[in-house]
Each structure stands twice: as structure tokens, then as C-alpha cells.
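The residues making up each chain are set out below.
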Amino acid sequence: MSALTEILADWMPGQRWFGSKGREWAGVTEEGFFLDQSDPALSVHRVRVSYTDGATETYLVPLSWRNAPAEELSSAFVGAVPSASGSNYAYDAMRDRDATVPWLTHLVAASTVGPMHFHPAGVAYIPEGVPGDIISGEQSNTSLVYGESAILKLFRRLEPGLNPDVEIHDALRQADNQHIAPLLGHIEIDEPGQEPSTVAMLQTFVANASDGWRLATSSVRDLYAEADLHADEVGGDFAGESERLGEATASVHTDLARVLPTETADRDWYTAVAEQMGARLEAALAIVPGLTEHAEALRALYAAVATTDEPVVRQRVHGDLHLGQVLRTTTGWIVLDFEGEPARPLASRRELDTPLRDVAGMLRSFDYASRHMLVEQPEDQQRAYRAHEWAERNREAFCAGYSAASGITLSSESALLRAFEADKAVYECVYEARNRPNWLMIPLSSLSRLTAGD
Ligand SMILES: Nc1ncnc2c1ncn2[C@@H]1O[C@H](COP(=O)(O)OP(=O)(O)O)[C@@H](O)[C@H]1O
Ligand SMILES: O=P(O)(O)O[C@H]1O[C@H](CO)[C@@H](O[C@H]2O[C@H](CO)[C@@H](O)[C@H](O)[C@H]2O)[C@H](O)[C@H]1O
């Protein structure tokens, strides 16, 4: 193994974007090329990790290079690689501002550098010559904001095929949908014998906006501060926003169904969905022992999916909709990140699905927002009651907004919707066990409610 491969193998598991935490590595290889040779030089590496369970993943790692240690970049230090003249010092290039300029320079020039191709969308101005600032946050990918006008998202896990984030943003632009941030370009990398992988996406940065998670949790904080008031009585009531969010979600679904293919679900689809949910549960049980007590009830919920006669139109959807994926601007809600669930294979994220998956994702998110502050005080019954009330109020408002804008009535009796919520909660259990174990109780306790039929 080369010195750089060893350094990357040590460093990657500690990165937020590394999705396979806790999985045992069987091997690792790395190949890279220089995207820019100036000082600091910028190189891009594809790191292929194989696991003892037989799976493999490819991660994209851009590095910046310096001849001497850079004190101000100590938190971005990746490692020192011995060279003929001493050492070369590698840094996380996404956190080295000086190394962030070439991405947009190449996009403006529509360059090809080695295996990498830059595709400007040709619809709006791309800022050039300015450095990008990394967004810090709970992200599966890594984003740079350039001068408050554009945001570049680097997809960390590479898979051959067009990333749905690019594909869906492009489709919604054609539909002139008002609830997205316009696509400015994207970057691809060749994969021998396969379709290219999408490396990054550039879109308009929406300034002066707040994400839905932050707004919703402020509303919950207000409620907790006034523990004897109801959700509709405190100043920070969120229900109006939830209703508008339901309308925005419906508008996105309506436009996706208008400009991209749709199909009516046949019996096989219901059976396949029930099987997928069951398979996800079986895999999750091996990772989260706390799920065992819900397993039987979940299997019964999924069995109901196979036999329900609720009509479903299959179409492209968001795939991982939650409050952290929506931005409230001065005029309304913007929906972000159409990539789908990061842990799912790309081909399955591009399949036709049902809008109910997105509705379920957002309903789960209201539950999360209401209860994440209870993680530290699980015994507080008064607040737990208020949390439940807040979640119900906002879930109902979201559904009302969605139904009014789409003409599709969302029923709390729907076996499908309940199963999609439960399936999402199972996914979240695995996600939390791997990334935020002290939050695991949020989806786990929701499963008690969902399987009890409340
Ligand atoms: N176009 C945008 N304008 C403003 N902020 C954005 C934009 N796109 C993303 N963000 C911010 O970056 C965060 C992460 O972006 P997202 O696309 O969800 O990345 P990830 O796939 O890593 O979760 C969002 O929650 C939002 O705060
Ligand atoms: O935004 P990503 O595409 O990276 O989505 C992943 O991370 C999310 C957390 O950042 C995770 O969402 C879960 O936590 C949210 C609060 O942090 C909550 O609003 C969501 O409802 C809950 O699912 C998401 O599941 C995961 O795919």
C-alpha cells in the first residue's frame, strides 16, 4: 500500500461524509490526478474501499498540497507524504480556501481535465476567481459556497450514472418550478466501461434563507419555554409554514409527474415494495438490536402493503425529504438535495417511486424536530406530551397543504403511508446507530407509535 493510501485509510473513517462507519475494511486502493498544478496544487483521488461483507464503495477525495506545514490549516491536515526533497503535506482541499478556485474556473471553461468533464448549464452566470467557503453541518456530501451566489456540492460516494440531484434539478428547471434553486452546472468523471459518475453539482446559492430544521426546532424551543401553553398558543407556531411546505412539496411532485415519466402501479409493485421494506428491516435488525421488539409488528405493517388497494401513481420523487432539505426564503420554500437516500444504490434512487415516500419523510421529520430536545431529558413527561402535540399539529398542517395543492387526500388511515413512515424510521435507526447513537431513541420510540397504530 502506498504512503498516501495508508494516510487516506486512517483519515477517511473519521470524516462526517464517510458513510460506512463501523464496517470492517478488507482492502483499499487509490488513484488520483492533478486538477490544478498551481500553489497549492489540487489533486483528486478515487479511493475504493472493499469491506469484509463483500461490498465495495468508491469515495472522492480532493487534496491540496503544500511544501511546508500550514499552521492555519491544522484542522484540515490529512497527512505528510515522504518525497525526494523531504515531505509533501496533504490537506482536505475542501477546507483549504486557496484550493477551491479551480472548480469554478474549469466549469466556466467547460474543461476536460484527465478523466474529469466540466459541464456548465449555460443558463446563468457562474462566479469565477473567488474562493469557496465550506458549509459546516451534518452533511453526507461536502458543499462550498462561492461569494453567496453559487454553491458547489461535491458528491463523496461515486457511482456510475447521472446523479438524481442533477437530473431532477434539470427537469424542474424545464418545468419552471418555483421551489428549487436553479442548476448552474455539473462535473462528471469517466468510469472505464461504464457511464461516468457525477462528481459535483453547482447551483444558485439562496442567500438570506433559513433551513426548515432550524425554523421548526426554534418553534419547538418556544413551546418548551412555555410548557403550560399549547402549540397553537405560543408565538413561534409553525403550522402555517408546515402548510406552505406541504403546498411546495405538492408543486414539486406535480411538476415531476408532468415532465418525467409516470406509471400506474400494478400488483407486482406493491409486492416488491413490501419485500424491499422487509429486506431493509432484516438488514437493520443485524445492526440495531433495539429494533427486535418491533420486528413482528413491522412485518405485519409491510404485509398490509402487499394487499392494499390504495391507488398509486409511480413517478420520480425527492427520495429523502426532511426538514434539513428545505429552505425558507423571503418568498417561500425551496426544496434541496434530490439525491435520494445516500445509502441506497444510485440505480434504485433513479427508479419511479411514490410521492408518499416524500410525504412520509417529512412527517418523520416533524417527529424528529419535536423530540430531538428530549434526547437529554427522556423522563420529562410534560415535554414529551407537548412534543407529540406539536408534531401532530404540524403533520396535519403539512398534509392539509399538500392535499389542497395536489388534490390528493392524505389519510392517516392509509396503510401505505404508515408503512412508508415505518420504513423510514427503520432506515433512520441504522443512520443514527452509525452516525449519532444518542439520537437512536428518536426513530426507535416513533416505531412504538407507528406499530401501535396511534
Ligand atoms: N442552493 C442552496 N442555497 C443555500 N443553501 C444551500 C443550498 N443548497 C444547500 N444549502 C445548504 O447546505 C445544506 C446541505 O445541502 P444538501 O444539498 O442537503 O447536502 P447533503 O447532500 O450533503 O445533505 C442544506 O441544509 C442547506 O443549509
Ligand atoms: O441530508 P442527508 O441527505 O445527508 O440525509 C441524511 O442525514 C440526515 C441528518 O442530517 C438524516 O435525517 C434525519 O435527521 C434529521 C435531523 O437532523 C431529521 O430532520 C430527519 O427527519 C431524519 O431522517 C437523513 O435520514 C439521512 O439520510
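Residues numbered from 1 in each chain as written. Chains lettered and ligands numbered in written order. Predicted model: local features only at pLDDT ≥ 70, side-chain atom pairs only at ≥ 80, totals over all residues. Heavy atoms only, no water.

As recorded in an unreviewed UniProt entry, the protein goes by Maltokinase and comes from Modestobacter muralis. Quoted verbatim from the Sequence similarities (unreviewed entry) field of UniProt, the annotation for the protein is "Belongs to the aminoglycoside phosphotransferase family." As recorded by UniProt, the Pathway (unreviewed entry) comment attached to the protein reads in full: "Glycan biosynthesis; glycogen biosynthesis." (UniProt positions renumbered as here; feature names shortened; annotations may be inferred.)

Let's shift gears to the packing of helix α4 (residues 212-225) against helix α10 (residues 381-406). Think of two packed helices as two axes; the pair is described by the angle between the axes and how far apart they sit. The geometry of α4 relative to α10 is characterised by a closest axis approach of 10 Å and an angle of 140° between their N-to-C directions. Of the possible angle classes, the one that applies to α4 and α10 is oblique. In this structure, α4 meets α10 at a crossing whose hand is right-handed. Residue-level inspection shows A216, S219, V220, L223 and Y224 of α4 in contact with α10, the latter providing R383, R386, A387 and W390. Tallied by class, residues from the contact of α4 with α10 come to six nonpolar, one polar and two charged. (Axes fitted to C-alpha atoms, helices over the stretch in contact; angles between N-to-C directions. Helix = DSSP H or I, 4+ residues; strand = E, 2+ residues; numbered from the N terminus. Parallel < 35°, antiparallel > 145°, perpendicular 65-115°, else oblique. Left-handed = near helix turned anticlockwise from the far one by under 90°. Contact = heavy atoms within 4.5 Å. Nonpolar A, V, L, I, M, F, W, Y, C, P; charged D, E, K, R; others polar.)

This next bit is on the sheet that holds strand β6 (residues 112-113). If you trace the seven strands from one edge of the open sheet to the other, you get β6-β7-β12-β13-β10-β9-β8, paired in antiparallel fashion. Only two strands of the sheet have a single partner each, and these edge strands are β6 and β8 (132-134). The sheet contact formed by β8 and strand β9 (residues 142-146) spans three bridges and is antiparallel. Across the sheet, D133 pairs through a bridge with V145, a residue of β9. (Pairing = 2+ DSSP bridges.)

A separate point is the site of ligand 2. If you check the shell around ligand 2, you find 15 residues, and the closest are S140, S365, Y427, E428 and Y431. One of the side-chain nitrogen or oxygen atoms of S365 is found 2.7 Å away from an oxygen atom of ligand 2. Between ligand 2 and R436 there is a distance of 2.9 Å, counted from an oxygen atom to a side-chain nitrogen or oxygen. Here ligand 2 loses 94% of its free accessible area of 530 Å² to cover by the protein chains. Examining the composition of the shell around ligand 2, we find that three residues originate from one element, helix α11 (residues 415-435), more than from any other. Here the shell around ligand 2 is composed, by residue class, of six nonpolar, four polar and five charged. (Near = heavy atom within 4 Å. Polar contact = N/O pair within 3.5 Å; in protein donor to acceptor, adjacent residues only side chain to side chain. Areas by Shrake-Rupley, 256 points an atom, 1.4 Å probe, with all protein chains shown as cover.)

Looking at the element boundaries, L35 is found in strand β1 (residues 25-36). Residue L35 is classed as buried on the basis of its relative accessible area of 4%. Setting aside residues up to four positions removed in sequence, L35 forms contacts with L42, S43, V44, W103, H106, V113, M116 and F118. (Buried < 20%, exposed > 50% of the residue type's maximum accessible area, 1.4 Å probe, protein only.)

Tallying each qualifying case throughout the model produces 15 aromatic pairs. Measuring from centroid to centroid gives 6.1 Å for F238 and W390, while their planes differ by 20°, and the two rings are stacked. Taken as a pair, F238 in the loop between α4 and α5 (239-259) and W390 in helix α10 lie far apart in primary sequence, 152 residues in all. By relative accessible area, which is 3% here, F238 ends up buried. By relative accessible area, which is 1% here, W390 ends up buried. Seen in terms of ring centroids, Y427 and Y431 are 6.4 Å apart; in terms of plane orientation they differ by 25°. Their pairing is stacked. (Phe/Tyr/Trp six-rings, centres within 6.5 Å; stacked < 30°, edge-to-face > 60°.)

Turning our attention to helix α6 (residues 267-287). For α6, spanning 21 residues, the distance from its first C-alpha to its last is 31 Å, which sits close to the expected 30 Å at 1.5 Å a residue. For α6, every residue scored as buried is listed here: W269, Y270, V273, A274, M277, G278, R280, L281, A284 and L285. Where the residues of α6 are buried, they touch α7 (292-307), β16 (313-314), α9 (355-371) and α11. (Expected span 1.5 Å × (residues − 1).)

Our focus in this paragraph is the site of ligand 1. Near ligand 1 lie 17 residues; those nearest to it are Q139, K153, T204, V206 and D337. The contact in question runs from an oxygen atom of ligand 1 to an N or O atom on the side chain of K153, over 2.9 Å. Measuring from a nitrogen atom of ligand 1, one finds a backbone N or O atom of T204 at 2.9 Å. Of all the secondary-structure elements, those providing two or more residues to the shell around ligand 1 are β10 (150-154) and β13 (194-204). Classifying every residue of the shell around ligand 1 by side-chain character gives seven nonpolar, seven polar and three charged.

In terms of nonpolar packing, the biggest core is built from 68 residues, with L291, Y302, W390 and L447 touching the most fellow members. A per-element tally of this core places α11 first, with nine residues. When residues of this core are assigned to domains, at least three fall in each of domain 2 (100-204) and domain 3 (210-452). When near neighbours in sequence (up to four residues on either side) are disregarded, Y302 contacts A274, M277, G278, L281, A419, A422, D423 and V426. (Core = buried A, V, L, I, M, F, W, Y, C linked by side-chain atoms within 4.5 Å. Domains from an automatic or database assignment.)

With respect to the secondary-structure elements, D358 resides in helix α9. Although D358 is buried, it makes no salt bridge; R357 carries the closest opposite charge, 6.6 Å away. Not counting chain neighbours up to four residues away, the residues in contact with D358 comprise H253, V317, H318, G319, D320 and L321. (Lys, Arg positive; Asp, Glu negative; His and termini not counted. Salt bridge = Lys/Arg side-chain N within 4 Å of Asp/Glu carboxyl O.)

This paragraph deals with the domain arrangement of the protein. The domains assigned to the protein are domain 1 (3-94), domain 2 (100-204) and domain 3 (210-452). For domain 1 versus domain 2, the distance between C-alpha centres works out to 21 Å. Counting residues at the interface gives 19 residues for domain 1, matched by 24 residues for domain 2. Approximately 1900 Å² of surface area, both sides summed, lies buried where domain 1 meets domain 2, with 64% of it carried by carbon and sulfur atoms. When the buried area of domain 1 at its contact with domain 2 is split by residue, L35, L60 and M94 rank highest and sum to 38% of it. At the boundary of domain 1 with domain 2, the tally comes to two salt bridges. The salt bridge partner of R46 is E191, with a shortest N-O separation of 3.5 Å. For the pair domain 1 and domain 2, the interface holds four residue pairs in polar contact (both at pLDDT 80 or more). (Buried area = accessible area lost by both parts, 1.4 Å probe.)

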